[in-house]
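Observations on chain architecture
Single-letter residue listing:
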Amino acid sequence: MSHYVEGKLLIIGGAEDKKGECKILKRFIHEAGGKESHLVVLTAATELPEQVGAEYKDILLGLGAAKVEVLDIPERLAANGESISQELQKATGVFFTGGDQLRITGVLGGTRLGKTLHRLYERGVIIAGTSAGASVMSDTMIVGGEAGTAKKDTLTMAPGLGLLHSVVVDQHFAQRGRIGRLLTAIAQNPYVLGIGIDEDTSILVYADGHFTVVGSQTVTVVDASPSIASNVSEVSPGQALVLTPVLMHVLADGYSFDMKRRVSSMTPV
C-alpha cells in the first residue's frame, strides 16, 4: 500500500519554538497549503485539551494559517462518530499535540477516525505530531523506559498508528538522555531503524522514504542492522545490554536521510 502514499509526516521531538522564529510550525503551515491551509489540531494525547488546543489555534492562526479547528476526542465513541470524520476530511494538515501516546492509540486505534487519518495521509495531507504525537507515527512505539544505560527490562513498547513503517521514534531525545532506551528498542528488532529527535527539532518525512531535518537541534539515527553480537535474548532483568557494532548518524537542520538505503545526504537541502 505504501507506494500509493502521497502525504508527508512532520515528526517533532517536543518543545517546538512557539514564540521566536517558529521554524517548525511555519514549515507545517507551508506544507499544508500556507494561506489556503485548513488545519485540524487533535488534542487526544493531553489532559488539558481546551488549554492546549486554544494555544495552538492562536499560534497557527498568528503564523498565517487560513483556518484552524481543534478536535478533542476524549473516548472511542467520539472517534467512531461520523461528524468528527467529516470535519477531518476537510483538513489540509493534521496536528497531534503532546501528552500520553497511549491515549492517542487507545482512543483512535481501529476507529473510523483512525482509518480517516490513514486515508488523508495517502491522499497527500501532511500529518504532524509533537512529543507523544511524534511517538505514535510509527507502527511500534516506545511508551515507557528509563534514561541511562540500555537495559532490556526498562523498556515498554506498544503498537502505534502505523503511518511510518520499520522505524521507532523517540522524542525529547538529548534533553532526557534517551539513547539507552532507543538502543534497547532496536536491539529487540535490529531491522527497525531508531530515530531520536531533540526538542525544537523535527523530521519531515516524504513518501519516498527519506526525511529532512527541520529545527535548531539534532536528529540521531541508530542502525543496528550491521550488528553481529547482541545479548538481548539471554539478558536477565536489570542486566546491561550488549549490541555491537551500531551505526549512528547525527544530523542537523537541512540534512537528509534515506531510510530505505540507510544513508545520509551530507549536503543540506
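Whatever comes next refers back to the structure up there.
Residues numbered from 1 in each chain as written. Predicted model: local features only at pLDDT ≥ 70, side-chain atom pairs only at ≥ 80, totals over all residues. Heavy atoms only, no water.

1. Observations regarding the overall build of the protein chain
Broken down by element type, the protein chain carries eight helices and 17 strands. Against the globule reference of 18 Å for 269 residues, the protein chain gives a C-alpha radius of gyration of 18 Å, in line with a compact fold. Across the 269 residues of the protein chain, 52% fall into the buried class. Counting only contacts in the protein chain whose residues sit at least 6 apart along the sequence, the fraction spanning at least 24 positions is 73%. With an accessible surface of roughly 11600 Å², the protein chain has 52% of that area assigned to carbon and sulfur atoms. (Helix = DSSP H or I, 4+ residues; strand = E, 2+ residues; numbered from the N terminus. Rg over C-alpha atoms; globule rule 2.2 N^0.38 Å. Buried < 20%, exposed > 50% of the residue type's maximum accessible area, 1.4 Å probe, protein only. Contact = heavy atoms within 4.5 Å. Areas by Shrake-Rupley, 256 points an atom, 1.4 Å probe, with all protein chains shown as cover.)

2. Observations regarding the pairing of strand β12 (residues 219-223)
With five of five residues buried, β12 is to be regarded as a mostly interior element. Taking every second residue as pointing to the same face, both faces of β12 are buried, with Val-219, Val-221 and Asp-223 on one and Thr-220 and Val-222 on the other. Note: strand β9 (residues 193-197) against β12, four bridges, orientation antiparallel. Bridging across to β12, Gly-196 finds its partner in Thr-220. Bridge analysis of β12 against strand β15 (residues 247-251) gives five bridges, and the strand direction is antiparallel. Directly across from Val-219, in β15, lies its bridge partner Leu-251. (Pairing = 2+ DSSP bridges.)

3. Quick look at the side chain of Thr-116
Looking at the secondary structure, you find Thr-116 in helix α6 (residues 112-123). A polar contact is formed between the side chain of Thr-116 and the backbone oxygen of Arg-112, at a distance of 2.8 Å. (Polar contact = N/O pair within 3.5 Å; in protein donor to acceptor, adjacent residues only side chain to side chain.)

4. Digging into the pattern of salt bridges
Under the defined criterion, the tally for this structure stands at 10 salt bridges. Between Glu-16 and Lys-18 there is a salt bridge, and its shortest N-O distance comes to 3.7 Å. Between Arg-262 and Asp-223 there is a salt bridge, and its shortest N-O distance comes to 2.7 Å. A residue pair is termed long-range when its members are at least 10 positions apart, and Arg-262 in the loop between β16 (256-258) and β17 (263-265) and Asp-223 in strand β12 qualify at 39 residues. In this structure Asp-223 comes out as buried when scored by relative accessible area, which is 3%. One salt-bridge network, in which partners are shared between bridges, spans Lys-8, Arg-27 and Glu-31. (Salt bridge = Lys/Arg side-chain N within 4 Å of Asp/Glu carboxyl O.)

5. Topic: the packing of helix α1 (residues 23-31) against helix α2 (residues 49-62)
Closest axis-to-axis distance for the α1/α2 pair is 10 Å, and the angle between their directions is 70°. Put simply, α1 runs roughly perpendicular to α2. Between α1 and α2, the residues in contact are Leu-25, Phe-28 and Ile-29 and Tyr-56, Ile-59 and Leu-60, respectively. Its residues assigned to classes, the contact of α1 with α2 comprises six nonpolar, no polar and no charged. (Axes fitted to C-alpha atoms, helices over the stretch in contact; angles between N-to-C directions. Parallel < 35°, antiparallel > 145°, perpendicular 65-115°, else oblique. Nonpolar A, V, L, I, M, F, W, Y, C, P; charged D, E, K, R; others polar.)

6. Quick notes on the packing of aromatic side chains
Tallying each qualifying case throughout the model produces three aromatic pairs. Centroid distance Tyr-56 to Phe-95: 4.8 Å. Interplanar angle 45°. Geometry classified as tilted. Residue Tyr-56 is found in helix α2, and its partner Phe-95 is found in strand β4 (residues 93-96); the two are separated by 39 residues along the sequence. Pair check on accessibility: Tyr-56 and Phe-95 agree, each one buried. Centre to centre, the rings of Phe-211 and Phe-257 are 5.7 Å apart; their planes meet at 25°, and the pair counts as stacked. Placement of the pair is Phe-211 in strand β11 (residues 210-215) and Phe-257 in strand β16, with a sequence separation of 46 residues. One aromatic cluster is present, formed by Phe-28, Tyr-56 and Phe-95 through successive ring pairs. (Phe/Tyr/Trp six-rings, centres within 6.5 Å; stacked < 30°, edge-to-face > 60°.)

7. Focus: the sheet that holds strand β10 (residues 201-205)
Pairing is mixed across the open sheet formed by nine strands, whose spatial order is β3-β2-β4-β5-β1-β10-β11-β16-β17. Edge positions in the sheet fall to β3 (67-71) and β17, since each has one partner strand and no second. Adjacent strand axes in the sheet meet at a mean angle of 20°, parallel and antiparallel pairs treated alike. As judged from the four bridges shared by β4 and strand β5 (residues 126-130), these two strands associate in the parallel manner. By the bridge assignment for β5, Gly-93 is matched with Ile-126. Of the strands in this sheet, β2 (38-42), β3 and β4 touch helix α4 (residues 82-89), which is tilted by about 155° from β3.

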